[in-house]
Amino acid sequence: MSETTSQSASQVSLFRNWISLTGLIVALASLLAFALLFLFDTLAHFSNPYMGVMIYMVTPTFLVLGVLVGIGGVLLERRGLRRVAAGEKQAFLLIDLSRPRHRRILGGFVVAALFFFLFTAFASYQAYHFTESVQFCGHACHMVMKPELTTYEHSPHARVACTSCHIGSGATWFVRSKLSGAYQVYAVLANKYPRPVPTPIKNLRPAQETCEQCHWPKAFVGNLDRVYAHFLTDASNTPYTVRLSLKVGGADPSHGPVGGIHWHMNVANKIEYIAADKERQTIPWVRATDSQSVVTEFRSTGFTNDPSQYVIRRMDCMDCHNRPAHKYGKPDSVVDLAIALGRIDRAIPSVKSNAVAVLLQSYPTQQRAMEGIATQLIGQYPNDPRIRLVIDIVQQIYRDNMFPEMKASWRNYPDNIGHKDWYGCFRCHDGEHKTADKKNSIKANDCNACHLILAQGRGAELQKLTPEGQPFAHPGGDIGEMKCHDCHFGGLVQ
Ligand code: HEC
Ligand code: HEC
Ligand code: HEC
Ligand code: HEC
Ligand code: HEC
Ligand code: HEC
C-alpha cells in the first residue's frame, strides 16, 4: 500500500520538470488555437478549405508535439532520478516549489505562458484572415493556381472572393470543403496534382447557392446588345463586326416576361441531361419539364440506351457560364480585341493572321513561348520597327491566357456560352436532338432563336440597325450543314 502511494507520487512529480511544463504549455496553446480557429470558421459567413488544413492538420501537429515534449521531459526526469538514486548527481530538472529560485522561475514561466497564449489567439485570428484571402488561394499555391488567378484578375469577378463561388456558406459544404481542401494541399505538396486541373469540378456547389447570391433570377429581363469586332486574315486586316441583340430574357414572372435564353433557369422549368464524357461536351439525352409539368424527352440519333443507367444532371448557370471567372482567351479573339483597341497597329500588313499564328502554336514553357513569339515575328517583319511593340503585346497576351506548365489554355478549357469555337449551346441545339416521334427537336436551325443580328460588316454598314434581324453574311462563305466549331477553334482549323 505505502509502496503504491510513493510510486504514484513519484509519477506525478515526474511531470514536474521544466521540459514537461514547456510541452504542456505548447499543447494547451494548440488546443486554444484549435478552439479559436474552429469558432472563427464556424461563425464566419464564408469559409474556405485552407482553414481546414490549419484546424485539422497544423494545430493537432503542435498538440502532438507538445505531448511528446511532455513525455520526453518525464523520461529524462526518470533517468535523472535513477542517477540520483545511484548517487551520481542531482535531479536538475525537477521543479521544487520549496526553493525560492524555482518559485521565481515558475512565476516567469507563467507570465511567459500567458503572453504565449495571447500571441496564439492573435496569430490564429490573423491566420484565419490570411487563408480567407484571395492572396492565399491564388498566391500560396502560386504555380498551380497561376492560370486561374491570372484569368480571374481580368474577369468581371475580379473582386469576388474565390470562396464565394467555390465554397459558399453553410455547414455541410463547410465540412466537405475542409476535407477536399486538406487533400488539395497534400496533392500540391506531393506534386500529385493533375495538369490541367480537370473541369467540370466534381461536386461544385449548385449555382443556386453561389451565383444566385448575387445574380438572382429576378435580376434579368430583356435583351442584351453585344458587339463582336473581328478582323479578317487578309493582308489589310479588314474589319468585320457583328452586332447582336442577345435574347437573354427573364426567368421570373413577377418581374417581367419569362423567356429567352434564361428561360432555362426559370425555377418552374427544369432541364436535365446526360453527358457521355467527363467534360460534358457530348450530350446525347435531354429532358425538359416545363411549368405545366409537361415532360419532353430529346435524344440524339443513335442514343438508344436506358437513361436510368447514367448520372442525370440538372442544368444550372455553370452549364452555360462555366468560365465566369477564368476565361482563357482564344488567339483570334484576343488579337481582335488588341487591334480593335488600337494596341496592335492595324496598318501593319497581315498582322492579324501572323499574330494569331504564333499564338496558335504549342510551346513547352512560357519562356520558350516568349522567345518563339519574338523570333518568328521579327523574322516576318525584319525591317519594320513597329513590330517591337506588337511583340510586347503578343507576349503579354500569351502570359495572360496560356499557361503551358499547367497545360491551361483555351484548348483544354471549353467555354460553353455561344457556339463559335466550342459546341457550347449546340451541344443540345444542334437540330439532332429529337423527340421519339421525330416531330420536334430542340430549337436549332433558327438563327434568330437566341439572337438577332442588328448589323454586320464595316463602316457605313454598321450605321443601319435592323431590329427584325438579318441573315448572317458569313465572311468565310457558305457553310452548308457544317457547325461553326468544325472550322473555328481559336483561329481557323487547318
Ligand atoms: C464568379 C465565380 C468564381 C470565382 C470568383 C472564382 N472561380 Fe474558380 N471557377 C469557377 C467556375 C464556374 C469554374 C468551372 C467549374 C466547372 O467547369 O465545373 C471554376 C474553375 C476553377 C478551377 C479549375 C480549373 C479551371 O481553370 O477551370 C480552379 C483551380 C479555380 N477555379 C480556382 C479559383 C481561384 C484560385 C479563384 C480566386 C483567385 C477562383 N477560382 C475564383 C467560378 C469562380
Ligand atoms: C459576390 C457576388 C457574385 C457572385 C457570387 C457571382 N457574381 Fe457574377 N458578377 C458579380 C458582379 C459584381 C459582376 C459585374 C457587374 C455586373 O455585370 O453585374 C458580375 C458579372 C457577371 C456576369 C456578366 C459578365 C460580363 O461579361 O458582363 C456573368 C455572366 C456572371 N457574373 C455570372 C456569374 C456566375 C455563373 C456565378 C456563379 C459561378 C457568379 N456570377 C457569381 C457578382 C457576383
Ligand atoms: C467551312 C468552315 C467554316 C465554318 C463551318 C464556319 N466558318 Fe466562319 N469563317 C471561315 C473562314 C474561312 C473565315 C474567313 C477567315 C478570315 O479571313 O479571317 C471565317 C470567318 C468568320 C468570322 C469573321 C472573322 C473571324 O475569324 O472571326 C466570323 C465572325 C465567323 N466566321 C463566324 C462563324 C460562325 C458563327 C459560324 C457558324 C454559324 C461559322 N463561322 C462557321 C470558315 C468557316
Ligand atoms: C442556357 C444557357 C444559360 C444559362 C443556364 C444561364 N445563362 Fe446567364 N447568360 C447566357 C447568355 C447566352 C447570356 C448573354 C451574355 C453572353 O453571351 O455573355 C447570359 C447573360 C448573363 C448575365 C449578364 C447579364 C447582363 O445584363 O449583363 C449574367 C449576370 C448571367 N447571365 C448570370 C446567370 C446566372 C446567375 C445563371 C444561373 C442562375 C445563368 N446566367 C444561367 C446563358 C445562360
Ligand atoms: C443541356 C441542353 C441544352 C443546352 C446546353 C442549351 N440548351 Fe437551350 N434549351 C434546351 C431545351 C431542352 C430547351 C426547350 C426545348 C425547346 O423549346 O426546343 C431549350 C430552349 C431554349 C430557348 C427557347 C426558350 C423559350 O423561350 O422557349 C432558348 C432561347 C435557348 N434554349 C438558348 C440557349 C443558349 C443561348 C444556349 C447556350 C448558351 C443553350 N440554350 C444551351 C436545352 C439546352
Ligand atoms: C441556342 C442559341 C443560339 C442559336 C440557335 C444560334 N446562336 Fe449564334 N450565338 C448564340 C450566343 C449565346 C452567342 C454569343 C456568344 C458570346 O457571347 O460569346 C452567339 C453568337 C453568334 C455570333 C457572334 C460570334 C462572334 O464571335 O462574332 C454569330 C455570328 C452567330 N451567333 C451566328 C449564328 C448563326 C448564323 C446561327 C444559325 C445557324 C446561330 N448563331 C444560332 C446563341 C445561338
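Residues numbered from 1 in each chain as written. Chains lettered and ligands numbered in written order. Predicted model: local features only at pLDDT ≥ 70, side-chain atom pairs only at ≥ 80, totals over all residues. Heavy atoms only, no water.

### Examining the site of ligand 4
At step 1: Close to ligand 4 lie 18 residues, the nearest being Arg 226, His 262, Cys 317, Cys 320 and His 321.
At step 2: Arg 226 places a polar side-chain atom, nitrogen or oxygen, 2.9 Å from an oxygen atom of ligand 4.
At step 3: In the environment of ligand 4, a nitrogen atom lies 2.7 Å from a nitrogen or oxygen atom belonging to the side chain of His 262.
At step 4: Elements supplying a minimum of two residues to the shell around ligand 4: β1 (224–231) and α9 (317–320).
At step 5: Tallied by class, residues from the shell around ligand 4 come to 11 nonpolar, four polar and three charged. (Near = heavy atom within 4 Å. Polar contact = N/O pair within 3.5 Å; in protein donor to acceptor, adjacent residues only side chain to side chain. Helix = DSSP H or I, 4+ residues; strand = E, 2+ residues; numbered from the N terminus. Nonpolar A, V, L, I, M, F, W, Y, C, P; charged D, E, K, R; others polar.)

### Considering helix α11 (residues 351–360)
At step 1: The element α11 is extensively covered by neighbouring structure, given that seven of its 10 residues are classed as buried.
At step 2: Contacts made by the buried residues of α11 are with β1, α10 (331–340), α12 (366–380) and α13 (387–401). (Buried < 20%, exposed > 50% of the residue type's maximum accessible area, 1.4 Å probe, protein only. Contact = heavy atoms within 4.5 Å.)

### Some points on the coordination of the iron atom of ligand 2
Reference values for coordination geometry: four tetrahedral donors around a metal ideally subtend 109.5 degrees, six octahedral donors ideally subtend 90 or 180 degrees.
At step 1: Donor atoms from the polypeptide that coordinate the iron atom of ligand 2 comprise His 157 (NE2) and His 215 (NE2), at 1.8 to 1.9 Å from the metal.
At step 2: Between the six donor atoms coordinating the iron atom of ligand 2, the angles at the centre fall across 86 to 179°, so the site counts as octahedral. Note that His 157 is positioned in the loop between α6 (142–153) and α7 (162–166) and His 215 in the loop between α8 (171–189) and β1, a separation of 58 residues in sequence.
At step 3: According to the relative accessible area criterion, His 215 is partly exposed, its value standing at 41%. (Donors = N, O, S within 2.8 Å, 3.2 Å for Na, K, Ca; no water. Tetrahedral: all angles 85-135°; square planar, octahedral: opposite > 155°, others 65-115°.)

### Overview of a nonpolar patch on the surface
At step 1: Where nonpolar side chains cluster on the molecular surface, the patch consists of Phe 34, Phe 38, Tyr 56, Met 57, Val 58, Phe 62 and Leu 65 and spans about 590 Å² of accessible area.
At step 2: Listing elements by their share of the nonpolar patch, those giving two or more residues are α2 (18–43) and α3 (49–85).
At step 3: Looking at the element boundaries, Phe 38 is found in helix α2.
At step 4: Exposure remark for Phe 38: the relative accessible area of 35% places this residue in the partly exposed category. (Patch = residues over 30% accessible without salt bridge, like charges linked within 9 Å, V, L, I, M, F, W, Y side chains within 5 Å. Areas by Shrake-Rupley, 256 points an atom, 1.4 Å probe, with all protein chains shown as cover. Salt bridge = Lys/Arg side-chain N within 4 Å of Asp/Glu carboxyl O.)

### Comments concerning the nonpolar core
At step 1: Formed by 29 residues in total, the largest nonpolar core has its most connected members in Ile 344, Leu 359, Ile 373, Leu 377, Val 390, Val 394 and Tyr 398.
At step 2: Among the secondary structure elements, those contributing two or more residues to this core are α10, α11, α12 and α13.
At step 3: Considering each element in turn, this core owes the most residues, seven residues, to α13.
At step 4: Discounting residues that sit within four places of it in the chain, Tyr 398 has contacts with Leu 359, Tyr 363, Gln 366, Ala 369, Met 370, Ile 373 and Pro 404. (Core = buried A, V, L, I, M, F, W, Y, C linked by side-chain atoms within 4.5 Å.)

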